[in-house]
Amino acid sequence: EAKAYLRVKQFDLIILDLELPDEHGTHVLDAIRTTQSALSTPIFILTGKESSFSIGELLKKGANEFFMKPFSPELLLHKIDLWIDIKKTHYEKEKDAILLKEYKSAIDQSTIISKTTPQGIITYVNDQFCKISGYTSEELIGKPHNIVRHPEMSKEIFHELWETIKKKRRWHGVVKNRKKDGSPYWVDAYIHPILNGQGDVQEFIAIR
């Protein structure tokens, strides 16, 4: 009956007694782990001391927690609370990932974005960058960012820009760039250093 429920409903946690009256629990465990809706559902195993299966074998079959009879109800509730916290964290990460995707979509449609290495080599451009510059992403990625630099743009401004962002500070200014066909375009640019866990510059992101 429980296996039939698994085929039509999704559960957050399954508690399985290996000593079932009508079928050995390991067979049910195998069935659960082959049911699409329960592939990642945590499974708590209740078992007697005389179980013929080792913990290692049950782990391979997909069990997550073990309780030897007689077990402490308080310990069971504590473990359930831990898995509830894990599930909440998982849901929050999924929610954050969806929100970040929506934010990125909104920004991509309204701004020009690029990312570079600390040496200024382009690693990412969005569609708006390609649209305004006339280059394809294949033509831009792997190239120095000065591929779109206009020769009339002051060298002093670029020197100030690099000195600022190398010091891990944000730079803002108006930049004159050059399209692939040679015509100019102006952008209001914000360049942000992105730091890694050690506080070193990992990359730069430019939003215009």
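From a predicted model like this one, the values you see are computed outputs, not experimental measurements.

Definitions and cut-offs
Counting starts from 1 at the beginning of each chain's written sequence and moves along it residue by residue. Given that the model is predicted, a residue must reach a pLDDT of at least 70 before its local features are reported, and side-chain atom pairs must reach 80 or more before they are shown or counted; all residues, however, enter totals for whole chains, interfaces and linings. Only hydrogens and water are removed before side-chain values are computed, so all heavy atoms of the structure are retained for them. The helix count covers DSSP runs of H or I at least four residues long, the strand count covers runs of E at least two residues long, and both are numbered beginning at the N terminus. Note on classification: 1.4 Å probe, protein chains only; a residue is buried when its accessible area is under 20% of the maximum for its type, exposed when over 50%, partly exposed between these limits. Whether two residues are in contact is decided by their heavy atoms, any of which lying within 4.5 Å being enough. In short, Shrake-Rupley with a 1.4 Å probe defines the accessible areas, and a residue's cover is counted only from the protein chains shown. Positive charges are assigned to Lys and Arg, negative charges to Asp and Glu, while His and the chain termini are left out of the count. Each charge is placed at NZ for Lys, CZ for Arg, CG for Asp and CD for Glu. The arc refers to the directions leading from the helix axis to the C-beta atoms. At least two DSSP bridges between two strands are required for those strands to pair. By definition, the crossover connecting two strands over a helix is right-handed if that path, from the first strand to the second, turns clockwise as seen with the strands pointing away from the viewer. Points on a 1 Å grid, built from protein atoms alone, make a cavity when a 1.4 Å probe fits but cannot get out and make a pocket when they are open with protein on both sides within 12 Å along at least 5 of 7 lines; residues with an atom within 4 Å of a point are the lining residues. Grid points are joined across faces, edges and corners, and a volume is the space filled by probe spheres set on the points. By the convention adopted, Pro, Cys, Tyr, Trp, Phe, Met, Ile, Leu, Val and Ala count as nonpolar, Lys, Arg, Asp and Glu as charged, and the other residues, Gly among them, as polar. Within 3.5 Å is the distance limit for a polar contact, defined as a pair of N or O atoms, with the added protein rule that one can donate a hydrogen and the other accept it, and that residues adjacent in sequence qualify only through two side-chain atoms. Within this document, salt bridges are pairs made up of a side-chain nitrogen of Lys or Arg and a carboxyl oxygen of Asp or Glu, the two lying within 4 Å of each other.

A. Examining the overall build of the protein more closely. Within the protein, the regular secondary structure consists of 7 helices and 8 strands. Dimensions along the principal axes, computed over C-alpha positions, put the protein at roughly 85 × 35 × 25 Å. Here the protein holds 208 residues, and the buried ones make up 31% of them. A separation threshold of at least 6 residues defines the contact pool for the protein, and within that pool the share at least 24 residues apart is 42%. Accessible surface, the protein as shown: approximately 13,500 Å² in total, 56% of it carbon and sulfur. Charged side chains of the protein number 30 positive and 29 negative; the gap between the two group centres comes to 8 Å.

B. Representation of helix 2 (residues 25-33) in the model. Every buried residue of helix 2 is listed here: Gly25, Thr26, Val28, Leu29, Ile32 and Arg33. The buried residues of helix 2 occupy an angular sector of 155° when projected down its axis, which confines them to one face. Contact partners of the buried residues in helix 2: helix 1 (2-8), strand 1 (14-17), strand 2 (43-47) and helix 3 (55-61).

C. Quick look at the pairing of strand 7 (residues 184-195). Pairing of strand 6 (residues 171-178) with strand 7 involves 8 bridges; the strand directions are antiparallel. Across the sheet, Val175 pairs through a bridge with Val187, a residue of strand 7. Between strand 6 and strand 7, which pair antiparallel and follow one another directly, the connecting turn spans 5 residues, one of which, Gly182, has a positive phi of 95°.

D. View of the environment of Leu20. As for its position among the elements, Leu20 is in the loop between strand 1 and helix 2. A relative accessible area of 31% places Leu20 in the partly exposed class. Sequence-wise, Leu20 and Tyr185 are 165 residues apart; in three dimensions their C-alpha atoms are separated by 74 Å. Leaving out residues up to four positions away in the same chain, Leu20 has contacts with Gly25 and Val28.

E. Geometry of the pairing of strand 2. Counting buried positions along strand 2 gives 5 out of 5 residues, so the element sits mostly inside the fold. Of the two faces of strand 2, the one holding Ile43, Ile45 and Thr47 and the one holding Phe44 and Leu46 are both buried throughout. Following the chain from strand 1 across helix 2 to the adjacent parallel strand 2, one finds a crossover that is right-handed. Bridge analysis of strand 2 against strand 3 (residues 65-68) gives 4 bridges, and the strand direction is parallel.

F. Region of interest: the layout of surface pockets. Taken as a whole, the largest pocket holds about 400 Å³ of empty space. The wall of the largest pocket is formed by 23 residues, among which His145, Asn146, Phe158, Leu161 and Trp162 lie closest to the centre. Listing elements by their share of the lining of the largest pocket, those giving two or more residues are strand 4 (113-116), helix 7 (155-166), strand 6, strand 7 and strand 8 (201-207). For the lining of the largest pocket, the leading source of residues is helix 7, giving 4 residues. Taken together, 15 residues make up the lining of the second largest pocket; nearest its centre are Ala2, Lys3, Leu16, Leu20 and Val28. Where the lining of the second largest pocket is concerned, the elements lending two or more residues are helix 1, strand 1 and helix 2. Split by residue class, the lining of the second largest pocket holds 10 nonpolar, no polar and 5 charged.

G. Layout of the environment of Asn126. Looking at the element boundaries, Asn126 is found in the loop between strand 5 (122-125) and helix 5 (127-133). For Asn126, a relative accessible area of 2% translates into the label buried. Along the chain, Asn126 and Asn177 lie 51 residues apart, while their C-alpha atoms are 16 Å from each other. Polar side-chain contacts of Asn126 include one of 2.9 Å to the backbone oxygen of Thr111. A polar atom in the side chain of Asn126 sits 3.0 Å from the backbone nitrogen of Phe129.

H. Region of interest: the pattern of salt bridges. In this structure the tally under the stated criterion is 10 salt bridges. The residue Asp17 makes a salt bridge to Lys69 at a minimum N-O spacing of 2.9 Å. In this pair, Asp17 is assigned in strand 1 and Lys69 in the loop between strand 3 and helix 4 (73-110), connecting sequence segments 52 residues apart. Between Asp30 and Lys61 there is a salt bridge, with the nearest N and O atoms lying 3.1 Å from each other. With Asp30 in helix 2 and Lys61 in helix 3, this pair connects stretches of sequence that are 31 residues apart. Judged by its relative accessible area of 32%, Asp30 is partly exposed. Three or more residues joined by partner-sharing salt bridges are found here, namely Asp17, Glu19 and Lys69.

Shape descriptors only; they carry no functional weight alone.
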